[in-house]
Amino acid sequence: MTNSVYTLTTEKHITDVGLNNCNSELYPVDTVFLTARGTVGKVAIAERPMAMNQSCFAFRGNGIPQSIVFQIIKNAVKSLRAKANGATFAAINTRDLKIETVKSHVIRRLHIRAKTLQNGSI
């Protein structure tokens, strides 16, 4: 992941054989990824189909534009980082994600920010 909103390439790559023999899938363009271990809280949107390792979460909106999903996850990062724990390195888990709540006024605000994001400014 980089400092950019979009990720086109990564440090590591997976072969077709590796993808066919692991628990990941090839996620479609615009999937939102969140780092969950070590460097907790980096968020990016896939600019091309990508797989992930066990140190990430992938998000797809159900009837919600991916730009809004990105903003919702980005907005939750501070809270998620506060919940991160682990003996070897900081990590968040699915339990941490399940207890995050998004209020309707936040969604309205994020929708406006997402429109700005889609128009090319952040």
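Anything mentioned here points back to the structure above.
Described below are features of the structure shown in this document. Residue numbers here run from 1 along each chain, matching the order of that chain's written sequence. Side-chain atom pairs in this predicted model are given and counted only at pLDDT of 80 or more, local residue features only at pLDDT of at least 70, and totals for whole chains, interfaces and linings cover all residues. In computing side-chain values, all of the structure's heavy atoms are included and hydrogens and water are not.

### A look at the sheet that holds strand 4 (residues 56–59)
Part 1: Strand order in the open sheet formed by 4 strands is 1-3-2-4, with mixed pairing between adjacent strands. Bordering the open sheet on either side are strand 1 (6–7) and strand 4, each of which pairs with just one other strand.
Part 2: Contact definition: two residues touch when any of their heavy atoms are within 4.5 Å. Structural elements are reduced to axes, namely lines fitted to C-alpha atoms, with helices fitted over the stretch in contact, and the angle between N-to-C directions of any two is expressed from 0 to 180 degrees. Numbered from the N terminus, helices here are DSSP runs of H or I no shorter than four residues, and strands are runs of E no shorter than two. Across the sheet, helix 2 (residues 66–83) is in contact with strand 2 (32–35), strand 3 (43–46) and strand 4; its angle to strand 2 comes to roughly 15 degrees. Strands are treated as partners if at least two bridges between them are detected by DSSP.

### Here we look at the nonpolar core
Part 1: Residues belong to one nonpolar core when they are buried, are Ala, Val, Leu, Ile, Met, Phe, Trp, Tyr or Cys, and are joined through side-chain atoms within 4.5 Å. Partly exposed describes any residue whose relative accessible area lies between the buried limit of under 20% and the exposed limit of over 50%, with all areas from a 1.4 Å probe on protein chains only and scaled to the type maximum. Core analysis: the largest hydrophobic core is formed by 16 residues, its most contacted members being Val32, Leu34, Val43, Phe59, Ile73 and Ile92.
Part 2: Contributing elements (two or more residues each) for this core: strand 2, strand 3, strand 4 and helix 2.
Part 3: Among the elements that line this core, the one with the most residues is helix 2, at 6 residues.

### Focus: the pairing of strand 3
Part 1: Burial along strand 3 is two-sided: the face carrying Val43 and Ile45 and the face carrying Ala44 and Ala46 are both buried.
Part 2: Relative to strand 3, strand 2 is paired through 3 bridges, and the arrangement is antiparallel. Within the sheet, the bridge partner assigned to Val32 lies in strand 3 and is Ile45.

### Thoughts on the packing of aromatic side chains
Part 1: Side-chain rings of Phe, Tyr and Trp, where Trp is taken by its six-membered ring, are said to pair if the distance between their centres is within 6.5 Å; with planes under 30 degrees apart they count as stacked, over 60 as edge-to-face, and otherwise as tilted. A complete count under the given rule lists 1 aromatic pair for this structure.
Part 2: Where Tyr27 meets Phe33, the ring centres are 5.7 Å apart and the plane angle is 90 degrees; that geometry is what we call edge-to-face. Considered together, Tyr27 and Phe33 belong to a single accessibility category, that of buried residues.

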